[in-house]
Every structure is written in C-alpha cells, then in structure tokens.
Amino acid sequence: MANHKSSIKRIRQTNARRLHNRYYAKTARNAVRRFRALTSADEARAMLPQLSSMLDRLAGKNIIHKNKAANLKSKLARQIARLA
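The structure presented is a predicted model; accordingly, all values stated were derived computationally and were not measured.

Running from N to C, helix H1 (residues 5-37) and helix H2 (residues 41-60) point in directions that differ by 160°, and their axes come no closer than 11 Å. Here H2 runs roughly antiparallel to H1, going by the angle between their axes. Of the two possible hands of crossing, H1 and H2 adopt the one that is left-handed. Listed contacts from H2 to Tyr 24, Ala 28, Ala 31, Val 32, Arg 34 and Phe 35 of H1 are Ala 44, Met 47, Leu 48, Leu 51, Met 54, Leu 55 and Leu 58. A breakdown of the residues in the contact of H1 with H2 according to their chemical character gives 12 nonpolar, no polar and one charged.

A separate point is the packing of aromatic side chains. Evaluated as defined, the whole model comprises one aromatic pair. Arranged with centres 4.9 Å apart and planes meeting at 85°, the rings of Tyr 23 and Tyr 24 form a pair that is edge-to-face. For Tyr 23, a relative accessible area of 53% gives the class exposed. Residue class for Tyr 24 comes out partly exposed when judged on its relative accessible area of 36%.

This part covers the pattern of salt bridges. The full count for this structure, using the stated rule, is two salt bridges. The shortest N-O distance in the salt bridge between Arg 45 and Asp 42 comes to 3.3 Å. Of the two residues, Arg 45 and Asp 42 are both situated in helix H2; the distance of three residues between them amounts to about one turn of the helix. The partly exposed category is assigned to Arg 45, whose relative accessible area is 44%. Between Asp 56 and Lys 73 there is a salt bridge; the shortest N-O distance is 2.8 Å. Taken as a pair, Asp 56 in helix H2 and Lys 73 in helix H3 (residues 66-83) lie far apart in primary sequence, 17 residues in all.

About the thresholds
Residues numbered from 1 in each chain as written. Predicted model: local features only at pLDDT ≥ 70, side-chain atom pairs only at ≥ 80, totals over all residues. Heavy atoms only, no water. Axes fitted to C-alpha atoms, helices over the stretch in contact; angles between N-to-C directions. Helix = DSSP H or I, 4+ residues; strand = E, 2+ residues; numbered from the N terminus. Parallel < 35°, antiparallel > 145°, perpendicular 65-115°, else oblique. Left-handed = near helix turned anticlockwise from the far one by under 90°. Contact = heavy atoms within 4.5 Å. Nonpolar A, V, L, I, M, F, W, Y, C, P; charged D, E, K, R; others polar. Phe/Tyr/Trp six-rings, centres within 6.5 Å; stacked < 30°, edge-to-face > 60°. Buried < 20%, exposed > 50% of the residue type's maximum accessible area, 1.4 Å probe, protein only. Salt bridge = Lys/Arg side-chain N within 4 Å of Asp/Glu carboxyl O.

The structure is reproduced here in structure tokens:
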C-alpha cells in the first residue's frame, strides 16, 4: 500500500479516471455495434455523423487512440457504401 498522501490521492484519481474512460469507451463500442447491425443505408447515413463526432471527441480526450478513431470511421463509411 502507498505510504505518501500524494500517492494515495493519485491512486484515487487514477481509479476515478479509469472508470470514467471505461464508461465512454464502452459506450462508443456499443454505438459502433449498433451501427454495424443496421441494414438500411439511410439510417446508417443519418447515424454516421453523430458516431464520427463521438469517436473524434474520445480521440481528442485520449480515451481511444486517434488512429483507432480514424480506422473505425473509415470502416463505417465503407460499410455504408456496401449497403447502398
């Protein structure tokens, strides 16, 4: 166990941030999962801007890597092209 007050506080902060980041990363994964389940190209086109925005925000806050966000957005755009 940590001995310094500052390290005890750091552990508390790290745990809080980890839970916060896990929640938003999981939310994004579920949104991508819902998007991939869509069969209508129109619904997918309507959902893509919101999903892209979510991924960009998470990448900006370093919750997911920026290249991962870019790869996901690219794959989702290709999926719309396949549906059309």
